[in-house]
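Single-letter residue listing:
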Amino acid sequence: MSIKSKNYRWTICGLLFFATAINYLDRQVLSLTWKDFIAPEFHWTNNDYGNITALFSIFYAVSLLFAGRLVDILDTKKGFLWAIGVWSVGACLHAFCGIATSGIITGHWLEGFESAKEIIKTLNNTGMVINVSVSLFIFARFVLAIGEAGNFPAAIKATAEYFPKKDRAFSTSIFNAGSTVGALAAPISIPFIAKAFGWEMAFIIIGALGFIWMGFWHLMYDKPEKHRKVSSEELQYIQQDEIAEDNTEDAATHDSSKTSLWDYFKYKQTWAFAFGKFMTDGVWWFFLFWTPAYLSSVYDMDSTEAAFPLFVLYMITLLSIIGGWLPTYFVEKKGMHPYTGRMRAMLIFAFFPLLALLAQPLGHISYWFPVLIIGIAGAAHQAWSANIFTTVGDMFPKKAIATVVGIGGLAGGIGSTIINKGSGLLFDYAHKSWTTVDGQPFLEKFPQFQTLPIPENFFKDLKQTGAVISDGIDQGYMIVFSICAFCYLIGWCVMKLLVPKYVPIKKL
């Protein structure tokens, strides 16, 4: 006989927290290994990395549209199991890209990780090595993206099943903090695993965590009305909104699988959520994917030297839990409607990313200024994210939540694709065209690099000769930081124009 709990919903929230942490660990392995371990092996440039991250964003975005729909059809338990299973396979696939690159070019497939490295070193066709390796990593990111797309639609749907509206922002901020913890754990684990055992083992070890989580989810999750550990008292608390609204969301008359996907686009609420995601998701992904490269390019840190600054940065983002508490304060202490309180909180959080305007100027004093500022902006994003996700639960029936989250994820992925691809192109251009050596434009002094890539460590070797170098990539980062600073205020204003007050959608 099982013991019923009055707070089992928080156990479910804990499972969602760990799933999200694993999700972010898996996607961070590449960003923390490419600069020091993978790029030298395969001769990648910023643009190559930008192409991989941009395509990952596209795959993730499109997959979100269908993943949300699939989660609504399969339901939360099965949908989440499929999602994390697929993305864990995709995470592990990255480890075999070196072996596959060697095999495709030479025809020798029965190689280990180290022997594949040695074979690649002997190859004279650098262009082929780049093209094959980038293509293989893109395929691995494709599989990863398909699976990872299911995380947030399933997690938001589970939150709506286990928490009343007034608690959803707080519970979402807690499980969403898993992304921060995943990002926090990444720099203090992944570079050291890669350094000790090879970059391949970093993908395999981190990827295997998802398979462990699947066992816990299978054993511990069920709908609250069916779960043997949810007491009648807790179930009544969870379902208080349905009781208050006289069960307006009647399962017998609502079947989201019979609703056309295009029907969702008839509502301004869908467009408001999608635009908010489009404007802001790319900012978080830029910070996530490019901050390690930023510390390397601007401050000459390798991945192990950057571990502590990145750890501090992501520690700061844990402040995002306040993002879940603030709307609850507005509702309970100020008497606001949950949606009104959420929008008020989001407006407050939209001002903090403006600090990004100061990151690069203050970075000339110390790298700790941009680290702290990016951490604050990241915390503001996660607080914003917790609340924008819960606006879906405020306005849409439970059976439609994952689909709407998927639509918003598609929009966010498009925004992320633009910023990641654009950043890669901008940084390579700025690195060549805006850099000066002893006051002379770099390409005038070294015209051969008009068409050739700049060799690894070229600038470090040049500095040792006494040359004074002003790297144009600093200006590139300043441009992107400035764009990121205003995205949240623009997103909030458009959301408010589309949905100025709370208007729930009763049926879909």
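Note that this is a predicted model, so its numbers are computed, not measured.

Peer 1: Residues and numbers for the overall build of the protein, please.
Peer 2: Along the backbone of the protein there are 22 helices and three strands. The C-alpha radius of gyration of the protein comes to 24 Å, within 12% of the 23 Å expected for a compact globule of 508 residues. Oriented by its inertia axes, the alpha-carbon framework of the protein measures out at about 75 × 50 × 40 Å. A burial count over the protein gives 59% of its 508 residues as buried.

Peer 1: Please provide a residue-by-residue account of the packing of aromatic side chains, values included.
Peer 2: One pass over the full model with this rule turns up 56 aromatic pairs. With a centroid separation of 6.1 Å and 65° between ring planes, the pair formed by Phe42 and Phe137 is classed as edge-to-face. A residue pair is termed long-range when its members are at least 10 positions apart, and Phe42 in helix 1 (residues 8-42) and Phe137 in helix 6 (residues 126-148) qualify at 95 residues. Per residue, the accessibility class of Phe42 equals that of Phe137, and both read buried. Between Tyr49 and Trp290 the ring centres are 5.2 Å apart and the planes differ by 75°, which places this aromatic pair in the edge-to-face class.

Peer 1: Tell me about helix 8 (residues 165-185), and please be specific about residues and values.
Peer 2: Along its 21 residues, helix 8 runs 31 Å from first to last C-alpha, staying within 8% of the 30 Å computed at 1.5 Å per residue. Burial analysis of helix 8 places 16 of its 21 residues in the buried class, the great majority of the element.

Peer 1: Outline unusual backbone geometry, listing residues and values.
Peer 2: Most of the time, phi is negative for any residue but glycine, and the peptide bond is trans. A positive phi angle, near 85°, is found at Asp75, a position not held by glycine. Counting through the fold element by element, Asp75 comes out in the loop between helix 2 (46-74) and helix 3 (76-93).

Peer 1: I'd love a proper account of the pattern of salt bridges, names of residues and values included.
Peer 2: Summed over all chains, the structure comprises 13 salt bridges. Here Asp72 ties to Lys157 by a salt bridge, and the two come within 2.8 Å at their closest N and O atoms. One end of the pair, Asp72, is in helix 2; the other, Lys157, is in helix 7 (residues 151-162), with 85 residues separating them in the sequence. Across the pair, Lys157 and Asp72 agree in class, each one buried. Each member of the salt-bridge network shares a partner with another, and the members are Glu41, Glu114, Lys117 and Glu200.

Peer 1: How would you sum up the environment of Asn125? Please name residues and give values.
Peer 2: Positionally, Asn125 belongs in the loop between helix 5 (113-122) and helix 6. Considering only alpha carbons, one finds Asn125 and Ile105, 20 residues apart in sequence, at a separation of 9.5 Å. A distance of 3.0 Å separates a polar atom in the side chain of Asn125 from the backbone nitrogen of Met128.

Peer 1: Please give an account of the sheet that holds strand 2 (residues 440-441) that cites residues and values.
Peer 2: Overall, antiparallel pairing links the three strands, which are arranged 2-1-3 in an open sheet. Because the sheet does not close on itself, it has two edges, and the strands there are strand 2 and strand 3 (469-470). Sheet analysis places strand 1 (residues 436-437) next to strand 2, joined by two bridges and oriented antiparallel. Paired with Thr436 across the bridge in strand 2 is Pro441.

Peer 1: Please provide a residue-by-residue account of helix 10 (residues 199-220), values included.
Peer 2: For helix 10, which comprises 22 residues, the first-to-last C-alpha distance of 33 Å matches the rise-based estimate of 32 Å (1.5 Å per residue) to within 8%. Inspection of helix 10 places Trp199, Glu200, Ala202, Phe203, Ile206, Gly207, Gly210, Trp213 and Trp217 among the buried residues, and these make up the whole buried set. Down the axis of helix 10, the smallest arc covering the buried residues is 165°, so these residues share one side. Opposite the packed face of helix 10, turned more than 90 degrees from it, sit the exposed residues Ile212 and Leu219. Buried positions along helix 10 lie against helix 1, helix 3, helix 4 (97-106), helix 5, helix 6 and helix 9 (190-197).

Peer 1: Describe the environment of Thr45, with residues and values.
Peer 2: Assignment of secondary structure puts Thr45 in the loop between helix 1 and helix 2. Separated by 15 residues in the primary sequence, Thr45 and Tyr60 place their C-alpha atoms 23 Å from one another.

Peer 1: Describe in detail the side chain of Glu161, supporting the description with residues and values.
Peer 2: Within the element layout of this structure, Glu161 appears in helix 7. Among the residues examined, Glu161 registers a relative accessible area of 8% and is labelled buried. In this structure the side chain of Glu161 is engaged in a polar contact, spanning 2.8 Å, whose partner is the side chain of Lys223. Setting aside chain neighbours within four positions, we find Glu161 in contact with Asp75, Thr76, Tyr221, Lys223, Pro224, Ile238 and Lys398.

Quick notes on the rules
- Residues numbered from 1 in each chain as written.
- Predicted model: local features only at pLDDT ≥ 70, side-chain atom pairs only at ≥ 80, totals over all residues.
- Heavy atoms only, no water.
- Helix = DSSP H or I, 4+ residues; strand = E, 2+ residues; numbered from the N terminus.
- Rg over C-alpha atoms; globule rule 2.2 N^0.38 Å.
- Buried < 20%, exposed > 50% of the residue type's maximum accessible area, 1.4 Å probe, protein only.
- Phe/Tyr/Trp six-rings, centres within 6.5 Å; stacked < 30°, edge-to-face > 60°.
- Expected span 1.5 Å × (residues − 1).
- Salt bridge = Lys/Arg side-chain N within 4 Å of Asp/Glu carboxyl O.
- Polar contact = N/O pair within 3.5 Å; in protein donor to acceptor, adjacent residues only side chain to side chain.
- Pairing = 2+ DSSP bridges.
- Arc of directions from axis to C-beta.
- Contact = heavy atoms within 4.5 Å.

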